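Architecture at a glance
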Amino acid sequence: MFIRQTRTGNKATGESYVTYRLVRTERIGGKVRQITVLNLGRHFPIKQEDWPILCSRLDQLLNPQAVILPLECPESIERTAQRYHAQLVARAPTILSATEGTAGLAGKPRPSADFQEVDVDSLQMTQPRSVGVEHVGLHAASALELIETLNDLGVNGVVQASILGNLIGRMGQPGSELATWNWLQQHSALGELMDVDFLSMSHMGLYRASDVLMKHREMIETRLFSTARTLFDLQETVTLYDLSNTCFEGEAQLNRKARRGRSKEKRSDCPLVTLGLVLDGSGFVRRSQTFAGNVSEPGTLASMLTGLGTPAGGLVVMDAGIATDANVAWLVEHGYRYLVVRRGGMRQFDEARAVTLETAGKEWLQLQKELSPDGQELCLYCHSPSRQLKEEAMLALSGGRFEAGLQQMSDGLQKPKSEKGHDKLLERLGRLKQKSRGASQHYQVNLVTEESGKTVTAITWQRVPVAGTMATHPGVYGLRTNELAWDEEKLWRTYTMLTDLESVFRSLKSELGLRPLYHHKEGRSDGHLFISVLAYQCVQFLRVKLKAAGIADSWASLRDTLSVQRRVTATFSQRDGRSLHVRKATVAEPDLLAIYRALGISAAPGGTRKLIS
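As the structure is a prediction and not an experimental result, all values here were calculated from the model. (Residues numbered from 1 in each chain as written. Predicted model: local features only at pLDDT ≥ 70, side-chain atom pairs only at ≥ 80, totals over all residues. Heavy atoms only, no water.)

**Re empty space enclosed by the protein**
The probe, sized like a water molecule, is rolled over the atoms to show the empty space still left. As a reminder, the rule being used: Whether a set of points on the 1 Å grid over the protein atoms alone is a cavity depends on a 1.4 Å probe fitting there but being unable to get out, while an open set qualifies as a pocket with protein on both sides within 12 Å along at least five of seven lines; lining residues are those with an atom within 4 Å of a point. Grid points are joined across faces, edges and corners, and a volume is the space filled by probe spheres set on the points. Going along the chain from the N terminus, every DSSP run of H or I of four or more residues is numbered as a helix, and every run of E of two or more is numbered as a strand. Residues are grouped as follows: Ala, Val, Leu, Ile, Met, Phe, Trp, Tyr, Cys and Pro are nonpolar; Asp, Glu, Lys and Arg are charged; every other residue, Gly included, is polar.
For the structure on display, the rule yields one cavity of 30 Å³ or more. Lining of the largest cavity is provided by Val-136, Leu-542, Leu-546, Trp-555, Leu-558, Leu-562, Ile-595 and Leu-599. Of all the elements in the fold, those that place two or more residues in the lining of the largest cavity are helix H16 (522–548), helix H17 (555–562) and helix H18 (590–599). Within the lining of the largest cavity, the residues separate by chemical class into eight nonpolar, no polar and no charged.

And the structure:
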């Protein structure tokens, strides 16, 4: 084999340029013909004086049995030779093995077996690459019509490949775009499944792909949710809304949204950005948006729900952080029903009027409905035994610390050099109350002074629980709604959908690489978050399909199962002196096979490729 330069031109633009091809000579009909083995493109990086070394090394890889001494070559030449060897094997004709198990070929005749005489001791196993997550990820992206949507938006093939690489990389090996680029080049067979050479792609291609996604963000979100709704026949009855934030590595001074705020991960040492999600009751994302890290949660509701096209009377479920009176009034004004966590107010619970139900966690919960005086709103008081134990333990701990602080102040009155001034002890008492986490409200504290009122002689206290609080009604929380026709159980089970949204944020952060952010530009950090949201949509599609088949594992567990399958190249020496290269996926193990069958896809991703050289 050798490398040939060919000058060609673009007929549309008239541009003339040089391309490079790997060719071999073959005698056909008494004439020597040059046959192109591999097109190397316009930007071939190897210097011309190194072409013979590259071709020799490639010959060695294709015919390893003929190697007596390994060819010494620079690392760049070795990497290029390995890359071209992998491409030649991956692009060899696809054959259907007689023993290859597939999910979609039942009832079709199997091809005849292909027997080859080889030297078993010459076997070499090379180029192992993961293929399980890549296979199901492409299936999900295709089923949700993401690829079709990108085509309709005019996104070219190279950018599409970068987008899918970003997306499936986030599903398979969550991390930064740079980490995804390394994964695509060194560890993944995604390029084979897509017929794309990620080794020739710059890591900047992944960054630019996120720019394209952000340009078409609204259209992509709308199309994906519409497709999911059609596939699973979803009813638009419930809308869930919540926010979470994630942290930056570094100061991110070029990002206007990077602000310090209250971190839900306790990362007060770095700036934050906030992600808001609107979900359907089925768990699919309807809309996502990024906000500044210090955004006021209640102020984001109107901008997120406006223009969603939710049917009249749709139910919105929110937690207490967003459910202000102003937001509830906005929902009513725009024709929404609401089911929200009650903010503040007195706790109450009448066990005699409560109904009992069993939760998924085998806990017995008591629910009591209370209609407002004007008859426009319903309050549902819920009593949870496990929550009661938790709150009682919290009160005992904080109350015990408060009493210990009071006792320390009291004991100090008996020491000659301790502070006894009334004003100073009031300051100490104020600081103690501040640190008591609300426990001090349940105590009456009296500072006994001498006749002048300046010196404290004794400190007394008495625990007097405040009515309607955690102290008198531990384990009780309230929900408020303007849906008056539903019974207690339906209201509570609808509210628990909000915990599914919280699990979405956990999945985004722990399973799909949402955190931390390494980008310093606003557009790139928004793109990173949006890729995680798209990855979640694909994961949700897979989990809904698998759950219908009785497979209810988390994505982390599913990913572990999928990760065991690899595509490998087996190379043998044949009796006639040639080399046989066979590239295929390892056999799917029982748990993996069950996943493939539930999704209705092949258990041998990429098929079988055979090359004789």
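**Remarks on unusual backbone geometry**
One non-glycine residue, Lys-362, lies in the positive phi region at around 65°. One can find Lys-362 in the loop between strand S11 (355–358) and strand S12 (364–371). One non-glycine residue, Arg-437, lies in positive phi territory at about 55°. Within the element layout of this structure, Arg-437 appears in the loop between helix H13 (422–434) and strand S14 (443–449).

**Section: the pattern of salt bridges**
This is how it is decided: For salt bridges, the criterion is a side-chain nitrogen of Lys or Arg within 4 Å of an Asp or Glu carboxyl oxygen. A simple rule labels every residue: compare its accessible area, found with a 1.4 Å probe on the protein chains alone, to the largest value its type can have, and call it buried under 20%, exposed over 50%, or partly exposed in between.
Under the defined criterion, the tally for this structure stands at 24 salt bridges. Of the charged contacts in the structure, one is a salt bridge between Glu-370 and Arg-353, with a shortest N-O distance of 3.1 Å. Here Glu-370 is found in strand S12, whereas its partner Arg-353 is found in the loop between strand S10 (337–341) and S11, with 17 residues between them in sequence. With relative accessibility at 44%, the residue Arg-353 sits in the partly exposed group.

**What about the packing of aromatic side chains?**
Counted only if it meets this: Whether two aromatic rings pair depends on their centres lying within 6.5 Å, for rings of Phe, Tyr and Trp, where Trp uses its six-membered ring; planes under 30 degrees apart make the pair stacked, over 60 edge-to-face, and the rest tilted.
Counted according to the given criterion, the structure contains nine aromatic pairs. Geometrically, the ring pair formed by Tyr-20 and Phe-44 is tilted, given 5.5 Å between the ring centres and 35° between the ring planes. Taken as a pair, Tyr-20 in strand S2 (residues 16–28) and Phe-44 in the loop between strand S3 (31–41) and helix H1 (51–62) lie far apart in primary sequence, 24 residues in all. Here the two residues Tyr-20 and Phe-44 agree in accessibility, since each one is buried.

**So, the environment of Tyr-495**
Selection rule: Residue contacts are defined here by distance: any two heavy atoms, one from each residue, within 4.5 Å place the two residues in contact.
With respect to the element layout, Tyr-495 can be found in helix H14 (residues 488–495). Along the backbone, Tyr-495 and Leu-479 are 16 residues apart, and their C-alpha atoms lie at a distance of 8.4 Å. With residues up to four places along the chain from it excluded, the contact list for Tyr-495 reads Val-317, Leu-339, Val-341, Tyr-477 and Leu-479.

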